[in-house]
Number of protein chains: 4
Amino acid sequence: MECSIDSKPRWERRKDARPQELLAAAIDLFVERGFAATRLEDVARRAGVSKGTLYLYYTNKEELFKAVVRESIVPFIGEAEMSVAEFEGHSADLLRHVMLSWWSRIGQSKASGISKLILAEAGNFPELAKFYQEEVTRRGTRMISSMLERGVSRGEFRNVDIPQLTQVLIAPMMMLNTWKHCAVAPCDAHELQPLAFIDAFLDMALHGLLPRTAP
Amino acid sequence: MECSIDSKPRWERRKDARPQELLAAAIDLFVERGFAATRLEDVARRAGVSKGTLYLYYTNKEELFKAVVRESIVPFIGEAEMSVAEFEGHSADLLRHVMLSWWSRIGQSKASGISKLILAEAGNFPELAKFYQEEVTRRGTRMISSMLERGVSRGEFRNVDIPQLTQVLIAPMMMLNTWKHCAVAPCDAHELQPLAFIDAFLDMALHGLLPRTAP
Amino acid sequence: MECSIDSKPRWERRKDARPQELLAAAIDLFVERGFAATRLEDVARRAGVSKGTLYLYYTNKEELFKAVVRESIVPFIGEAEMSVAEFEGHSADLLRHVMLSWWSRIGQSKASGISKLILAEAGNFPELAKFYQEEVTRRGTRMISSMLERGVSRGEFRNVDIPQLTQVLIAPMMMLNTWKHCAVAPCDAHELQPLAFIDAFLDMALHGLLPRTAP
Amino acid sequence: MECSIDSKPRWERRKDARPQELLAAAIDLFVERGFAATRLEDVARRAGVSKGTLYLYYTNKEELFKAVVRESIVPFIGEAEMSVAEFEGHSADLLRHVMLSWWSRIGQSKASGISKLILAEAGNFPELAKFYQEEVTRRGTRMISSMLERGVSRGEFRNVDIPQLTQVLIAPMMMLNTWKHCAVAPCDAHELQPLAFIDAFLDMALHGLLPRTAP
DNA sequence: GATGAATGAGATTTCATTCAT
DNA sequence: GATGAATGAAATCTCATTCAT
């Protein structure tokens, strides 16, 4: 009882679970304290293993972080890419679907904290910045762009400036992220209603995307 | 050998300029690397002095940071408070004036980086969070609120929910800040046009604030 | 160059022995140089480990010092308390026994140097002063007092002023301590014969304590 | 105005007073904090001058300390030597006179703190130890010895072992010193009555020194 | 003479990473 | 595989001493 950090009995833990447990501990601490300020010893302790064990699974702090990103963010991009590739309906519905999925899979989860962390610390860890750029930003951007291309080529969207509009669609999501994680000092974000915000934003965006219908 | 007689001064005495030079170096590095990752020795070196000299002017890292905030952000709040107190025209013009001043004094300057830094690191430095909360956030919030009160009491604004609207006015500014400083990895913000954004945003906000005029 | 394959271990694993080795090194240096002037790096080196290792065992310099006190002085007080509690003979014999034990366990050992160090540096380290006061001085004083009480209540000592006499008994021991550690400059104490001194002192003290017998 | 540490008006201070003021400040702080822990900046501030000024009068910390010793302790030894040389009465009275003078000139003054400081820190500052040894200990020892020689050669004292007895006479004075300055932690010396102690001690000592008179 | 700004070596403490067991 | 003791570079902060003004 006595509140050890995690109360799973040691003997039930299977080897295969280790990476999961480590990643779970890692994402908690990275989100809570940032990359630089997270001590690997704390990660290990929270996962219920020793410091050395952590290094059996991840060569160093950066690799651990990459693994966290690969587990918590990258899969969503894959799914979204799949959606885009396979979706059969109207591009406006696809767009709405992807945005809402993003919110439920990333925005609401701890993964949003990782996103904010990158914003704050990428400058100090170029290797991490490069990795995130390639694995997340670039692919995410491409995925959004391809959605727009799909819409345009199917005649469901107007012939918009795709790179520009891609940015416009990404930015508010980043903003939501930031908001979610600024409870400490500068803005009390408890008034924020993310879903309503996303809805309103999509309406606005689609308004600009959909072909003008005759009055 | 012991006593070389070359007379180049080991240092230059320039007490009055020092604090400015140190603060300039400090804001550069804080914005570039964040609070924790900035080494005081680097600040000193960039200001052209030794480690010890820095401590003649600022007791420790946190005090240096506070001094940076006091120099780069707090005065703007004071000015804005003055504007609010002394302004004689229509509250809508006051609002526009304050927002644009914010952009030119904070948003465009390195001070916006400090704002982002607080977002990212406040959690790890409670003392700093508290300081910023009291000296900046609280005062800023009050200042915005009092602008709204002025508008309402003069009949220039509708009878809005002031605390709520205060948040709504602050948030986009924080967002601009974030955008400005996320060039590194996740979003390429080169498309962003801050002034246009602020304009659009103010139009929208004022639309909600101004009393409905008869058609 | 880079990868010499010589297999001498960078360190030797000997967890159980470490605390002892560190404490031994620490007491040596504390006694030799005092608290403030002792560098933890030197303690570590003398114990044959690196700076960092020391911190695995003791959180900081003060804790290391406390550990030294706990190991070298506190146990003696415990033993003395036991003696007082369990002793069955005449209180004069108890008193003599405790005093001589003190000399052989503390006075003759390095622990006496710790006692002198506290005298000299307590003023600069209030936390240490408090600790020593509580763990050593207070308990020691109580122990002596209770010996006197025992003597009085068993009719073996006269009805003396106990607090006062407690001081009188402690003081000469402190003096012996001081003497032992002033070899450096001011007084050459090589003439001092501690046991003879203690004997003489006890005779004198008991003369004042024992009930007057009829001539 | 401004509440400078000492409120003597700056303009009344004469140059000649400087060394005195510096020594006064220095002895205060040395006694309060010890040699190593005393910061020259504090000494200067307490004397109402700048750090640089202090160096005009004393080349470094050790020289300042020596000056303190020369001012506060050495003169007493000179006086005592004079007394010994010039005294015309019985050697027992001379001894009593010197001992009581010591108490009033050194023991009761801050100088006793210097004596304790040397005890504590001499080991870390060999140069200081050597200085003190030569200027104080050696001379003091010689002075006491010569008193004994005087007594013996005049037939007023028995033919005692002079070096040995010299130590015996010095030791209790050192003890008084120690006692005076151990108020902080280990022994509460408020019961101590120095003059009574000295009296008793002298009685005892003289008992051993004076020739046996016929019964 | 007086000042106090400037220096820089040095002390404590932290933590990613290694590796003998 | 797992452990955790050990390392050592690095960061913050202090203070005796110097020297241009």
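The rules behind each value
- Residues numbered from 1 in each chain as written.
- Chains lettered and ligands numbered in written order.
- Predicted model: local features only at pLDDT ≥ 70, side-chain atom pairs only at ≥ 80, totals over all residues.
- Heavy atoms only, no water.
- Helix = DSSP H or I, 4+ residues; strand = E, 2+ residues; numbered from the N terminus.
- Buried < 20%, exposed > 50% of the residue type's maximum accessible area, 1.4 Å probe, protein only.
- Contact = heavy atoms within 4.5 Å.
- Areas by Shrake-Rupley, 256 points an atom, 1.4 Å probe, with all protein chains shown as cover.
- Least-squares fit on C-alpha atoms with pLDDT ≥ 70 in both.
- Core = buried A, V, L, I, M, F, W, Y, C linked by side-chain atoms within 4.5 Å.
- UniProt positions renumbered as here; feature names shortened; annotations may be inferred.
- Phe/Tyr/Trp six-rings, centres within 6.5 Å; stacked < 30°, edge-to-face > 60°.
- Lys NZ or Arg CZ within 6 Å of the ring centre and 35° of its normal.
- Buried area = accessible area lost by both parts, 1.4 Å probe.
- Salt bridge = Lys/Arg side-chain N within 4 Å of Asp/Glu carboxyl O.
- Polar contact = N/O pair within 3.5 Å; in protein donor to acceptor, adjacent residues only side chain to side chain.
- pLDDT = per-residue confidence, 0-100.
- Axes fitted to C-alpha atoms, helices over the stretch in contact; angles between N-to-C directions.
- Parallel < 35°, antiparallel > 145°, perpendicular 65-115°, else oblique.
- Left-handed = near helix turned anticlockwise from the far one by under 90°.
- Nonpolar A, V, L, I, M, F, W, Y, C, P; charged D, E, K, R; others polar.
- Expected span 1.5 Å × (residues − 1).

Q: Sorry, what's going on with the overall build of chain A here?
A: A count of helices and strands for chain A gives 10 helices and 0 strands. Moving toward the C terminus, one meets the helices and strands of chain A in the order α-α-α-α-α-α-α-α-α-α. A burial count over chain A gives 48% of its 215 residues as buried. Restricting to contacts in chain A with at least 6 residues of sequence separation, those with at least 24 account for 74%. About 11000 Å² of surface is accessible on chain A, with carbon and sulfur atoms providing 54% of the total.

Q: I keep staring at the relation of the copies chain D and chain C and nothing clicks. Help me out?
A: Relating one copy of the chain to the other requires a rotation about an axis plus a shift along that axis. Of the transformation placing chain D onto chain C, the axial shift is 0.0 Å and the rotation is 179°, giving an RMSD of 0.2 Å. Here the two chains are linked by the operation of a two-fold rotation axis. With an isologous cut-off of 70% or more, the 96% of interface residues of chain D that recur at the interface of chain C puts this contact in the isologous class.

Q: Whenever I open this one, the environment of Gln108(B) confuses me. Can you help?
A: Residue and element names in this part refer to chain B. Positionally, glutamine 108 belongs in the loop between α6 (91–107) and α7 (111–121). Between the C-alpha atom of glutamine 108 and that of leucine 40, which follows or precedes it by 68 residues, the distance is 25 Å. Among residues more than four places away in sequence, those in contact with glutamine 108 are Trp103 and Lys180.

Q: How should the nonpolar core be read in this particular structure?
A: The tendency in soluble globular proteins is for nonpolar side chains to be buried side by side. Judged by nonpolar contacts, the single largest core of 135 residues is most densely connected at Ile114(C) and Ile114(D). For Ile114(C), the contacting residues outside a window of four places in its chain are Ile27(C), Phe30(C), Val31(C), Phe65(C), Val68(C), Val69(C), Ser72(C), Ile73(C) and Tyr132(C). Listed in part, the 70 residues of the second largest apolar core include Ala25(B), Val84(B), Leu117(B) and Phe125(B).

Q: What is the right way to look at the UniProt feature "domain: HTH tetR-type" (unreviewed entry) in chain A in this model?
A: According to UniProt, the feature "domain: HTH tetR-type" (unreviewed entry) maps to residues 16–76 of chain A in the numbering used here. For residues 16–76 of chain A, helix accounts for 77% and strand for 0%, while the C-alpha atoms at its two ends are 23 Å apart.

Q: Where do I start with the packing of aromatic side chains in this structure?
A: Between two aromatic rings, the relevant description is the distance of the centres plus the angle of the planes. In the structure shown here, the tally under the stated rule is 20 aromatic pairs over all chains. Consider the rings of Phe35(C) and Phe125(C), whose centres lie 4.7 Å apart with planes at 75°: the pair is edge-to-face. Taken together, the residues Phe35(C) in the loop between α1 (18–33) and α2 (40–47) and Phe125(C) in the loop between α7 (111–121) and α8 (126–153) connect sequence positions 90 residues apart. Taken together, the ring pairs connect Phe30(A), Phe35(A), Phe65(A) and Phe125(A) into an aromatic cluster. Just above the ring of Phe35(A) sits the side chain of Lys61(A); from NZ or CZ to the centre is 5.0 Å.

Q: Looking at this structure, I do not really get the interface of chain D and chain C. What am I missing?
A: Accessible area lost upon the coming together of the parts serves often as the stated size of an interface. Taken residue by residue, the interface counts 28 residues in chain D and 27 residues in chain C. Roughly 2400 Å² of surface becomes buried between chain D and chain C when both sides are summed, with 64% attributable to carbon and sulfur atoms. Between chain D and chain C we count 0 salt bridges in total. Between the two partners, chain D and chain C, sit 4 residue pairs in polar contact (both at pLDDT 80 or more). If one sorts the elements of the side of chain D that touches chain C by residue count, helix α9 (residues 162–180) of chain D sits on top with 7 residues.

Q: When you look at the confidence of the model for chain A in this model, what are you seeing that I'm missing?
A: The predicted structure's coordinates, where accompanied by low pLDDT, should not be read in detail. Considering every residue of chain A, the mean pLDDT works out to 84; 86% of them sit at 70 or more. A low-confidence stretch, residues 1–11 of chain A stays under pLDDT 50, and its non-local contacts, those more than four residues away or across chains, total 7 contacts.

Q: What's the story with the UniProt feature "DNA-binding region" (unreviewed entry) in chain A in this structure? I'm lost.
A: Mapped onto this structure's residue numbering, the UniProt feature "DNA-binding region" (unreviewed entry) falls at residues 39–58 of chain A. Between the C-alpha atoms that bound residues 39–58 of chain A the distance is 14 Å, and the span itself is 75% helix and 0% strand.

Q: Please explain the packing of α6(B) against helix α9 (residues 162–180) of chain B as it appears in this structure.
A: Helix-helix packing is characterised by the crossing angle of the two axes and by the distance between the axes. All names here are of chain B. The geometry of α6 relative to α9 is characterised by a closest axis approach of 12 Å and an angle of 25° between their N-to-C directions. Here α6 lies roughly parallel to α9, going by the angle between them. Like other packed secondary-structure pairs, α6 and α9 cross with a definite hand, here right-handed. Facing Leu95, Met99, Trp102, Trp103 and Gly107 of α6, the residues of α9 in contact are Leu169, Met173, Leu176, Asn177 and Lys180. Looking at the contact of α6 with α9 residue by residue, the classes come out as 7 nonpolar, 2 polar and 1 charged.

Q: Sorry if this is basic, but what is going on with the packing of helix α1 (residues 17–33) of chain D against helix α4 (residues 61–72) of chain D here?
A: Residue and element names in this part refer to chain D. Relative orientation of the contacting elements α1 and α4 amounts to 95°, with a least axis distance of 10 Å. In this view, α1 runs roughly perpendicular relative to α4, as classed from their interaxial angle. For the pair formed by α1 and α4, the contact residues are Gln20, Leu23, Ala26, Ile27 and Phe30 on the first element and Lys61, Leu64, Phe65, Ala67, Val68, Glu71 and Ser72 on the second.

Q: Could you clarify how one ought to interpret helix α6 (residues 91–107) of chain C in this entry?
A: Note on helix geometry: an α-helix contains 3.6 residues per turn, so any two residues three or four positions apart are oriented the same way. Residue and element names in this part refer to chain C. Between its first and last C-alpha, α6 extends 22 Å over 17 residues, near the 24 Å set by a 1.5 Å rise per residue. Buried within α6 are the following residues: Ser91, Ala92, Leu94, Leu95, Val98, Met99, Ser101, Trp102, Trp103, Ile106 and Gly107. The elements touched by buried residues of α6 are α4 (61–72), α5 (74–86), α7, α8, α9 (162–180) and α10 (194–209).

Q: I would appreciate a short explanation of the pattern of salt bridges in the present structure.
A: Here the idea is simple: oppositely charged side chains can pair when their charged atoms come close. Applying the stated criterion to the full structure yields 64 salt bridges over all chains. Measuring nitrogen to oxygen at the nearest pair gives 3.8 Å for the salt bridge that ties Arg150(A) to Glu156(A). Taking the relative accessible area as the measure of exposure, Glu156(A) reaches 11% and is therefore buried. When the shortest N-O distance is used, the salt bridge between Glu79(B) and Arg105(B) registers 2.5 Å. You can see Glu79(B) sitting in helix α5 (residues 74–86) and its partner Arg105(B) sitting in helix α6, a full 26 residues away along the chain. Owing to a relative accessible area of 40%, Glu79(B) belongs among the partly exposed residues under this scheme. A cluster of three or more residues bridged by salt bridges with shared partners is formed by Asp28(A), Glu32(A), Arg33(A), Arg39(A), Glu41(A), Asp42(A), Arg45(A), Arg46(A), Lys51(A) and Lys110(A).

Q: I'm lost on the side chain of Ser91(B) in this one. Help?
A: Residues and elements named next belong to chain B. By relative accessible area, which is 1% here, serine 91 ends up buried. At 3.5 Å, the side chain of serine 91 forms a polar contact with the backbone nitrogen of glycine 151. There is a polar contact of 2.5 Å between the side chain of serine 91 and the side chain of glutamate 156. Aside from chain neighbours lying at most four places away, what touches serine 91 is Arg150, Gly151, Arg154, Glu156 and Phe157.

Q: What should I look at first to understand the environment of Ile77(C) in this one?
A: Residue and element names in this part refer to chain C. Inspection of the secondary structure puts isoleucine 77 in helix α5. Residue isoleucine 77 is classed as buried on the basis of its relative accessible area, which comes to 5%. Each C-alpha atom, one on isoleucine 77 and one on leucine 128, is 18 Å from the other, the two residues being 51 residues apart in sequence. Setting aside residues up to four positions removed in sequence, isoleucine 77 forms contacts with Glu135, Val136, Arg139 and Gly140.

Q: Quick question: what am I supposed to make of the environment of Met82(D) here?
A: By the element assignment, Met82(D) lies in helix α5 (residues 74–86). Linking Met82(D) and Val31(D), residues 51 residues apart in sequence, is a C-alpha distance of 28 Å.

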